[in-house]
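Structural overview for review
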Amino acid sequence: MKTSRIPLITTVLVLVFFYFPLLWMVMQSFLGKVDGEYVWTLKWYNQVFHKREVLNAVYNTIVVGLSASVISTVLGTLSALAIFKYRSKLQEIHTGLLYIPLVLPEILMGLSLMIFFSEVNVTFGKGTVIMAHVAFCTSYVTIVIASSLDGFDFTLVEASRDLGATYFQTFRKVIFPLLRPAICAGALLAFTLSLDDFIVTFFVSGHGGSTLPVYIYNSLKHGKVPGLYALSSALLAVTFLLVTVSLFFNKNQMLEGGEK
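Let's talk about the overall build of the protein
A count of helices and strands for the protein gives twelve helices and two strands. When the helices and strands of the protein are listed from N to C terminus, the series reads α-β-β-α-α-α-α-α-α-α-α-α-α-α. Expressed as lengths along the three principal axes of its C-alpha atoms, the size of the protein is roughly 80 × 70 × 30 Å. Within the protein, the proportion of its 260 residues that are buried is 37%. If you take every contact in the protein between residues at least 6 apart in sequence, the share linking residues at least 24 apart comes to 71%. For the protein, the exposed area adds up to about 16,200 Å²; of that, 69% sits on carbon and sulfur atoms. Averaging the positions of the 18 positive and the 14 negative side-chain charges in the protein gives two centres separated by 5 Å.

So this is what it looks like as C-alpha cells:
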C-alpha cells in the first residue's frame, strides 16, 4: 500500500507560503546596486541605523519592552501564585479574565485603551505604551508561570514558614528558584510580544512614543524605503532569538520536572 504524499506536499507548500516572504525580505536587505548590477552589501544596515529617527525608535522599543517585561513578570508571578494558593469562585473568575486579552482582537484593545487614556486626560507617550503592553503581557506571563505550578509542592512553602523564614525569605530561597525557568520564559515572552506589537502601540503611542513597528509602518506610508528591509530583518532576528531562548528555558523546566 502506497503512502500518500499529499500531507508532505501540503506541509511544504504551507511552510513556503509562510517563510518564503521572510527569506525574500532578508535577502533583499543584503542586496544593492553597483554599476547596474546587484551585489551583496551591508549598506542598507549601515544607512538605516545611522538615522536619528531609527535610533529613537530603537530606544523607545527597548525601554518599553524592558519596562513592560519587568512589570508584567512581577504582576504575572503574583497572579499565578494567588490563583493556585487560594482556590475559590473569585479565583475562577480571575482565571477567566486572564484569557480575555488572549482572545480579544488587538484593535479593540488598542481602541479601548486609547479612549480610556483620553477620558482620564493621560498624555500619550512612552508611559501609555508601557501601560498598554503591561495590560496584555501580564496574561501571557501568568499562564506560562501557572502551567509550571501544576506540580508545585506548596508543602515546601509551609515547611519554610514553620522553620521561621519570612515571606520574603521563603519566596527568595524556595519559590523563586523552583519557578525561575518559568519566570525567565514568561519575561522573554513578554519582551517579545512588546517588541513586535503594532496595533495596540499605534493607538496609544502619541508623540515621542513610536516603537520600531510603528516607525516601519509610518515609513511605508511615504513610499518604498529599501532600508526598511534591513530594519525589519534585524527585528525578525531579535524576535527569533528571544523565542528560542524562551523555548530553551521551557525545555529545561520540563526536563527538571521529568527528573523529579
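With respect to the environment of Thr61
Along the chain, Thr61 falls in helix 3 (residues 52-85). Among the residues examined, Thr61 registers a relative accessible area of 3% and is labelled buried. A C-alpha to C-alpha distance of 15 Å links Thr61 and Phe203, two positions 142 residues apart in sequence. Ignoring any residue separated from it by four or fewer positions in sequence, one finds Thr61 in contact with Leu195, Thr211 and Leu212. Looking at Thr61, its side chain comes within polar contact range of the main-chain oxygen of Ala57, at 2.7 Å.

Quick notes on a nonpolar patch on the surface
Taken together, the side chains of Leu90, Ile93, Leu97, Ile100, Leu104, Ile107, Leu108 and Ile199 make up a nonpolar region of the molecular surface, amounting to roughly 710 Å² of accessible area. Element by element, the count of residues in the nonpolar patch is highest for helix 4 (residues 89-98), at three residues. The topology assignment puts Ile93 in helix 4. Ile93 gets classed as exposed once you look at its relative accessible area, which sits at 53%.

A closer look at the nonpolar core
It is characteristic of soluble globular proteins that their nonpolar side chains tend to be buried jointly. Ranked by internal contacts, the top residues of the largest apolar core, which has 29 residues, are Leu113, Ile145, Leu149 and Leu179. Those elements giving two or more residues to this core turn out to be helix 3, helix 6 (106-119), helix 7 (126-148), helix 9 (167-196) and helix 10 (199-204). In terms of residues, this core owes the most to one element, helix 7, which gives nine residues. Residues contacting Leu113, with those up to four places away along its chain left out, are Ala132, Val200 and Val204.

Observations regarding the side chain of Ser79
Within the fold, Ser79 resides in helix 3. Among the residues examined, Ser79 registers a relative accessible area of 10% and is labelled buried. Beyond its immediate stretch of four places on either side in the chain, Ser79 contacts His94, Leu98 and Thr142.

A look at the packing of aromatic side chains
Applying the stated criterion to the full structure yields ten aromatic pairs. Each ring, one from Phe198 and one from Phe202, has its centre 5.5 Å from the other, and the planes form 40 degrees; the classification is tilted. Judged by relative accessible area, Phe198 falls into the partly exposed class, the value being 26%. Seen from their ring centres, Phe202 and Phe203 are 5.9 Å apart, and the 85 degrees between their planes marks the pair as edge-to-face. You can call Phe203 partly exposed: its relative accessible area is 22%. Among the aromatic residues, those joined into a ring-pair cluster are Phe198, Phe202, Phe203 and Tyr217. The ring centre of Trp44 lies 4.6 Å from the NZ or CZ of Lys43, which sits over that ring. A cation over a ring is seen here: Arg161 above Tyr167, with NZ or CZ 3.9 Å from the ring centre.

Scoring rules and cut-offs
Residues numbered from 1 in each chain as written. Predicted model: local features only at pLDDT ≥ 70, side-chain atom pairs only at ≥ 80, totals over all residues. Heavy atoms only, no water. Helix = DSSP H or I, 4+ residues; strand = E, 2+ residues; numbered from the N terminus. Buried < 20%, exposed > 50% of the residue type's maximum accessible area, 1.4 Å probe, protein only. Contact = heavy atoms within 4.5 Å. Areas by Shrake-Rupley, 256 points an atom, 1.4 Å probe, with all protein chains shown as cover. Lys, Arg positive; Asp, Glu negative; His and termini not counted. Charge placed at Lys NZ, Arg CZ, Asp CG, Glu CD. Polar contact = N/O pair within 3.5 Å; in protein donor to acceptor, adjacent residues only side chain to side chain. Patch = residues over 30% accessible without salt bridge, like charges linked within 9 Å, V, L, I, M, F, W, Y side chains within 5 Å. Salt bridge = Lys/Arg side-chain N within 4 Å of Asp/Glu carboxyl O. Core = buried A, V, L, I, M, F, W, Y, C linked by side-chain atoms within 4.5 Å. Phe/Tyr/Trp six-rings, centres within 6.5 Å; stacked < 30°, edge-to-face > 60°. Lys NZ or Arg CZ within 6 Å of the ring centre and 35° of its normal.

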